[in-house]
There are 2 protein chains.
Amino acid sequence: MPTLNEVARRAGVTPATVSNVLRERGRVGEATRQRVLEAVEALGYRPHLSARALAEGRPPTIALMVSSIANPFYPEFALAVENALRRSGRFLIICNTDGDPQTGRAYLEQIAGTLSAGVLVMNANLDFADLRATVRRGAPVVLCMWERPLDPPGLPCVAVDFRRAGELAAQHLLTLGHRRIGAIVGSKVSGIHAARYDGFVAAMQAAGLDGACAPVRYAPDTTQGGYAATTELLARHPDLTAIFGTNDLPALGAMQAAADLGLNVPRELSVVGITDIQLARESRPALTTVAVATIEAAELAVELLTDLVEAPDPATGAAARVCVVSAPRLVIRASTAAPRAKG
Amino acid sequence: MPTLNEVARRAGVTPATVSNVLRERGRVGEATRQRVLEAVEALGYRPHLSARALAEGRPPTIALMVSSIANPFYPEFALAVENALRRSGRFLIICNTDGDPQTGRAYLEQIAGTLSAGVLVMNANLDFADLRATVRRGAPVVLCMWERPLDPPGLPCVAVDFRRAGELAAQHLLTLGHRRIGAIVGSKVSGIHAARYDGFVAAMQAAGLDGACAPVRYAPDTTQGGYAATTELLARHPDLTAIFGTNDLPALGAMQAAADLGLNVPRELSVVGITDIQLARESRPALTTVAVATIEAAELAVELLTDLVEAPDPATGAAARVCVVSAPRLVIRASTAAPRAKG
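The name an unreviewed UniProt entry gives chain A is LacI family DNA-binding transcriptional regulator, with Paraburkholderia acidiphila as the organism.

Set out below in structure tokens:
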């Protein structure tokens, strides 16, 4: 395999100049640049990424920590991250923590700063102390979908106004005429879906209902979790006419439960979710949901992390940067309708 | 950060001994081993993976090339690969080719042998010449789900008897009494699903039907592809009582099309797929399908690739190794039933 030195010799320049051309850095005249690129082409030179990364102290990969690659939202997000990263010549390592902080810590200790230049964190249930330790070891960390824009986490993040998403979902059901609405929260009481539930409660309150007393179940953030919670909610509160899920997967599970109970969606039960994953569009009936700006969030997260990797100067204040994505928006499909008049 | 030398000094051994203990290689007495591990623990030593990889000439990551991370089968497979890899201390880089051989080649040229020790290829539409070039550059390649066990590709592979899967799916519909069956093939005519379709045709033939003349559509391997193909098939052949999809996604699309056409599945249309992805279990009605041994295939692929990375001696004949996974098996769910008697 040809080396950088051979390319430099052929082009009649120093190895540093070849390096500058390849990395689009420093001042290199156009004629020299062309000569270098021709030498690269002629020799079939391929920069040795690991070696270059070590020489520069920055490896060319970025790690994405997710809590479950089997949750279909994460591949969709990973795809958006990968597309954004590829433009900057970096590669994506996906690390799946299985929602376990210990596994997450093991990944962070092994890869951050050695195998990967920076870490994107996507709802991976990681310990903040571990993330701060990662930053101290020289690998910037960006949280990809922080749920409370007004309550920043002290680490750079891309924030989504999920409280507003919960509010929009509840307002939609209320506007259709629903009053007896059950909620399925896909996290623990003070967990990452709490803001979405707050928005739901606030919208109920604003409509003169006691939102905090509406039937609610906390369940795993999966279709199975939503299925079990819906079965339980409907057994206990058969008068419910609608289900609000804090995420699309539990909402899809609610629709499955309704199907298995012989309830027609939306005629006998309306269901609304949050996120707008591909399955929301593909389910039958298609799921009404509140779409969040997933691709925008992925692109902003990559931009923010790339900035921090390129210029890790803490004096810029970037360590506490918060980017807020566009507001969530309601997407009305076939799973919601006015409640059936009482028979 | 403590170095290997510091660990060696503290343990009173040579750096080579520390390295042997950490990599579980060479002969090291138990007392020495304990002393080294205590020194590692006391100093908080963390091996620098990139550096070690370069020193050994083998980076600790494995690349998985997939054609579309948005296809839910691939995350399921990636998860199984990752679980198997993690046990060997390696990490997974997922490369998404978008079904484009050019993108695949770019990934292979950038990562194989530098960033990754070996490459797992999962239906990524890659050019075989590119794969052979990757092997020549020193990165072993394993094809993860070769579709024709009796027709090996000349590269190490894990093979699945997909012809048998197509046969099982067709036999199931025939046993239920279906005779007018449409097929949706999720690839080009001579593409990766051809073996599945061959199995379908053979089973029809064996039942005395002209399988090769049964209505068939070649479509993208997606729900949308299956949806469009089913809509077209049913418009042209309204007498069809069943649809065979060569993959679960087109089969799920067939069920969506039936729902939108007001056809009850399975009463008015039976649908069967192949693979058994999670969505097959979660759809309503749940999809009857032929399950392939996905986790077994992932584990075998990792084992095969790890062997090749550890002992890349071509004299072992490993370059042409073919592992065949357990036979596919029919999983009967709610999307298939006997055809309705003619009204």
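Some points on the pattern of salt bridges
Residues and elements named next belong to chain A. Under the criterion given, the structure shown has 29 salt bridges over all chains. Here aspartate 130 ties to arginine 105 by a salt bridge, and the two come within 2.8 Å at their closest N and O atoms. Of this pair, aspartate 130 sits in helix 7 (residues 128-136) while arginine 105 sits in helix 6 (residues 101-111), and the two are 25 residues apart along the sequence. Residue aspartate 130 is classed as buried on the basis of its relative accessible area of 13%. Using a relative accessible area of 28% as the deciding quantity, one classes arginine 105 as partly exposed. Across the pair arginine 196 and glutamate 147 runs a salt bridge, and its minimum N-O distance is 2.9 Å. Pair noted here: arginine 196 is in helix 9 (residues 194-206) and glutamate 147 is in the loop between strand 4 (141-146) and strand 5 (157-159), with a separation of 49 residues, a long-range link. Judged on exposure class, the residue arginine 196 and its partner glutamate 147 are both buried. Ionic contacts of the salt-bridge type, sharing partners, join the residues Arg163, Arg164 and Glu167 into one network.

Regarding the state of the cysteines
Taken as a whole, this structure holds zero disulfides over all chains when the rule is applied. Between A:Cys323, a cysteine without a disulfide, and A:Cys157, which holds the nearest cysteine sulfur, the sulfur-to-sulfur distance is 7.7 Å. Not engaged in a disulfide, the cysteine B:Cys95 finds its nearest cysteine sulfur in B:Cys144; these two sulfurs lie 12 Å apart. Residue B:Cys95 is classed as buried on the basis of its relative accessible area of 0%.

Description of the relation of the copies chain B and chain A
Note on the chain copies: they are related by a rotation about an axis and a translation along it. Mapping chain B onto chain A calls for a screw motion: a turn of 180 degrees about the axis and a shift of 0.0 Å along it, with 0.0 Å RMSD after fitting. Read as a symmetry element, the transformation amounts to a two-fold axis. Looking at the rotation axis and the C-alpha trace of chain B, the residue lying nearest is B:Ile93, at 2.3 Å. A symmetric contact is evident, with 100% of the interface residues of chain B recurring at the interface of chain A.

Notes on the interface of chain B and chain A
At the junction of the two partners, chain B supplies 41 residues and chain A supplies 41 residues. Interface of chain B and chain A: buried area, both sides summed, is about 4000 Å²; carbon and sulfur atoms make up 58% of it. For the pair chain B and chain A, the interface holds two salt bridges. Between B:Arg284 and A:Asp260 there is a salt bridge, and its shortest N-O distance comes to 3.0 Å. Counting every contact that joins chain B to chain A gives ten residue pairs in polar contact (both at pLDDT 80 or more). Contributing elements (two or more residues each) for the side of chain B that touches chain A: helix 4 (49-56), helix 5 (73-86), strand 2 (91-96), helix 6 (101-111), helix 10 (223-236), helix 11 (248-260) and helix 12 (278-282) of chain B. With six residues, the top contributor of residues to the side of chain B that touches chain A is strand 2 of chain B. Considered class by class, the residues forming the side of chain B that touches chain A number 20 nonpolar, twelve polar and nine charged.

Regarding the sheet that holds strand 7 (residues 216-218) of chain A
All names here are of chain A. Read from one edge of the open sheet, six strands run 7-6-8-9-10-12, paired in mixed fashion. Single-partner strands in this sheet number two, and they are strand 7 and strand 12 (329-331). Here the average twist between neighbouring strands, direction ignored, is 20 degrees. Pairing between strand 9 (residues 270-275) and strand 10 (residues 288-291): four bridges, direction parallel. By the bridge assignment for strand 10, glycine 273 is matched with threonine 289. Relative to strand 9, helix 8 (residues 162-176) is tilted by about 160 degrees, and along the sheet it contacts strand 6 (181-185), strand 8 (242-245), strand 9, strand 10 and strand 12.

What counts, and where the lines are drawn
Residues numbered from 1 in each chain as written. Chains lettered and ligands numbered in written order. Predicted model: local features only at pLDDT ≥ 70, side-chain atom pairs only at ≥ 80, totals over all residues. Heavy atoms only, no water. Salt bridge = Lys/Arg side-chain N within 4 Å of Asp/Glu carboxyl O. Helix = DSSP H or I, 4+ residues; strand = E, 2+ residues; numbered from the N terminus. Buried < 20%, exposed > 50% of the residue type's maximum accessible area, 1.4 Å probe, protein only. Disulfide = S-S within 2.5 Å. Least-squares fit on C-alpha atoms with pLDDT ≥ 70 in both. Contact = heavy atoms within 4.5 Å. Buried area = accessible area lost by both parts, 1.4 Å probe. Polar contact = N/O pair within 3.5 Å; in protein donor to acceptor, adjacent residues only side chain to side chain. Nonpolar A, V, L, I, M, F, W, Y, C, P; charged D, E, K, R; others polar. Pairing = 2+ DSSP bridges. Axes fitted to C-alpha atoms, helices over the stretch in contact; angles between N-to-C directions.

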